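# Structural description and commentary
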Amino acid sequence: MTEDRGEGAATVPAGDTGWATADTSGQAVVAAFGRTMKTLRTRAGLEREEFGRRIGYSASTVAAYEQGRRIPPPRAIERADEVLDAGGLLTVWKDQVERAQYPPFFQGMAALEREAIELLAYDALVVKGLLQTEEYMRALLAMRRPVLDHETIEQRVAARLARQDIFDRRPSPLLSFVLTESVLRHRYGGRHVLRGQLEHLLLIGQKRNVEIQVMPTDCEDNAGVNGPFTVVTRKDGRKFVYVEAQSTSSLQTDPAQAALAAARYGIIRSQALTPRESLEFVERLLGEL
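Residues numbered from 1 in each chain as written. Predicted model: local features only at pLDDT ≥ 70, side-chain atom pairs only at ≥ 80, totals over all residues. Heavy atoms only, no water.

### Observations concerning the nonpolar core
What counts is decided by this rule: We call a set of buried Ala, Val, Leu, Ile, Met, Phe, Trp, Tyr and Cys residues a nonpolar core when their side-chain atoms join them within 4.5 Å. Each residue gets one of three labels from its accessible area relative to the maximum for its type: buried under 20%, exposed over 50%, partly exposed in between, using a 1.4 Å probe on protein chains only. Secondary structure elements follow DSSP: runs of H or I no shorter than four residues count as helices, runs of E no shorter than two count as strands, and numbering proceeds from the N terminus. We call two residues contacting when some pair of their heavy atoms lies within 4.5 Å.
If you look at the biggest cluster of nonpolar residues, it comprises 44 residues, and the most contacted ones within it are Leu-131, Phe-167, Phe-177 and Leu-198. In terms of residue count, helix H10 (residues 191–204) provides more of this core than any other element does, 6 residues in total. Excluding residues that lie within four positions of it along the chain, Phe-167 makes contacts with Leu-130, Leu-131, Leu-175, Phe-177, Ile-204, Lys-207, Asn-209 and Val-210.

### Examining the sheet that holds strand E6 (residues 248–252)
Going by this rule: Each pair of strands is called paired provided DSSP finds at least two bridges between the two strands. For helices, the fitted axis covers only the stretch in contact; all axes are lines through C-alpha atoms, and the angles between them, taken along N-to-C directions, range from 0 to 180 degrees.
Strand order across the open sheet formed by 6 strands is E3-E2-E1-E4-E5-E6, with mixed pairing between neighbours. The open sheet is flanked by strand E3 (210–215) and E6, the only strands paired with a single partner. Between one strand axis and the next, the sheet turns by 15 degrees as a mean value, whatever way the strands run. With 6 bridges joining them, strand E1 (residues 116–123) and strand E4 (residues 229–234) adopt antiparallel strand pairing. Note on E4: the bridge partner recorded for Ala-121 is Thr-230.

### Let's talk about the pattern of salt bridges
Side-chain pairs of opposite charge can arise whenever the charged atoms involved come near each other. Spelled out, the test is: The term salt bridge refers to a pairing of a side-chain nitrogen on Lys or Arg with a carboxyl oxygen on Asp or Glu at a separation within 4 Å.
The final tally for this structure, using the stated rule, is 16 salt bridges. For Arg-53, the salt bridge is made with Glu-50, and the minimal N-O distance between the two is 2.6 Å. With Arg-53 and Glu-50 both in helix H2 (residues 48–55) and 3 residues apart, the pair spans about one turn of that helix. By relative accessible area, which is 58% here, Arg-53 ends up exposed. The salt bridge partner of Glu-118 is Lys-239, with a shortest N-O separation of 3.6 Å. Separated by 121 residues along the polypeptide, Glu-118 in strand E1 and Lys-239 in strand E5 (residues 239–245) bring together distant segments of the chain.

### Some details on the pairing of E5
Looking at chain direction, E4 and E5 are connected through 4 bridges and run antiparallel. Bridge assignment links Thr-233 to a residue of E5, and that residue is Lys-239. As defined by bridge partners, E5 adjoins E6 across 5 bridges and the pair is classed as antiparallel. Residue pairing across strands places Tyr-242 opposite Leu-251, the latter belonging to E6. The loop that links E5 with its antiparallel partner E6 comprises 2 residues; one of these, Gln-246, has a positive phi angle of about 50 degrees.

### Points about the packing of aromatic side chains
For clarity, the cut-off: Between rings of Phe, Tyr and Trp, where Trp is taken as its six-membered ring, a pair exists when centres lie within 6.5 Å; planes separated by under 30 degrees are stacked, by over 60 edge-to-face, and by other angles tilted. Over a ring means this: the NZ of a Lys or the CZ of an Arg is within 6 Å of the ring centre and within 35 degrees of the ring normal.
This model, assessed by the stated rule, comprises 8 aromatic pairs. Ring geometry for Phe-106 against Tyr-242: centres 5.8 Å apart, planes inclined by 85 degrees, an arrangement best described as edge-to-face. Here Phe-106, found in the loop between helix H5 (94–100) and helix H6 (107–115), pairs with Tyr-242, found in strand E5; they are 136 residues apart in sequence, far enough to count as distant. Tyr-242 carries the same exposure label as Phe-106, and that label is buried. Taken together, a centroid distance of 6.3 Å and an interplanar angle of 45 degrees make the contact between Tyr-122 and Phe-229 tilted. In this pair, Tyr-122 sits in strand E1 while Phe-229 sits in strand E4, placing the two residues 107 residues apart along the sequence. Considered together, Tyr-122 and Phe-229 belong to a single accessibility category, that of buried residues. A connected cluster of aromatic rings, assembled from ring pairs, spans Tyr-102, Phe-106 and Tyr-242. In this arrangement the basic side chain of Arg-264 is found over the ring face of Phe-229, its NZ or CZ atom lying 4.8 Å from the centre.

In structure tokens:
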């Protein structure tokens, strides 16, 4: 998905920020929710087929939810609570179940994204998850080693797509992305996947609250040589720095380190092509495919 120690300290695992602790037992949460839903369904005297019809899902999907093999979206949880007249016994699980859809190392960052008023991201390996098309996501997840099972891939695709509501949130957060040229040329999944991804970047780049910039390969200066990172500013004005590699991550909470990262990002942005030049660059890349 390349894709917080305490105040003044270095780093702690992402999610360990006080308001959103990384849930390393996410699967246990999903399983417990499933058992609760099954108990309420059987007490209501509903077969899976009938219950599924009422909430808008197939019997096989209901079975997957009840057995903890799939993570239900918020809409399914709300509808199930309503149909079963559960009085909130199911909806109380919503936040925990939503957090469980992300890998433990990303749960803290996912919580930050939901509260962000500004997000600055520099990427040099793959297109940022927030900018990825579904086909690009699947191509990346299919290449993971060890291999991810089908259910995990589907779960992570759904979770990554859900995060993209940040682009339409009101009030609109300020979103800035700098990607290296090599990221935009790498044909993960094949030519057609890359074409769709580049077309998507052109569309997203037209949003008024979004700036997408390209760091060309022939640029002689790049303050981002230490690798990808993301700076997030929360609603209370506090900044965090997220760094991810090899399925591990850190979320810096030290204000001084966050300020330095934001300043470094500003330098990177000044070294890259302007947003207008960058979109023209992406259009040229499309023409080469």
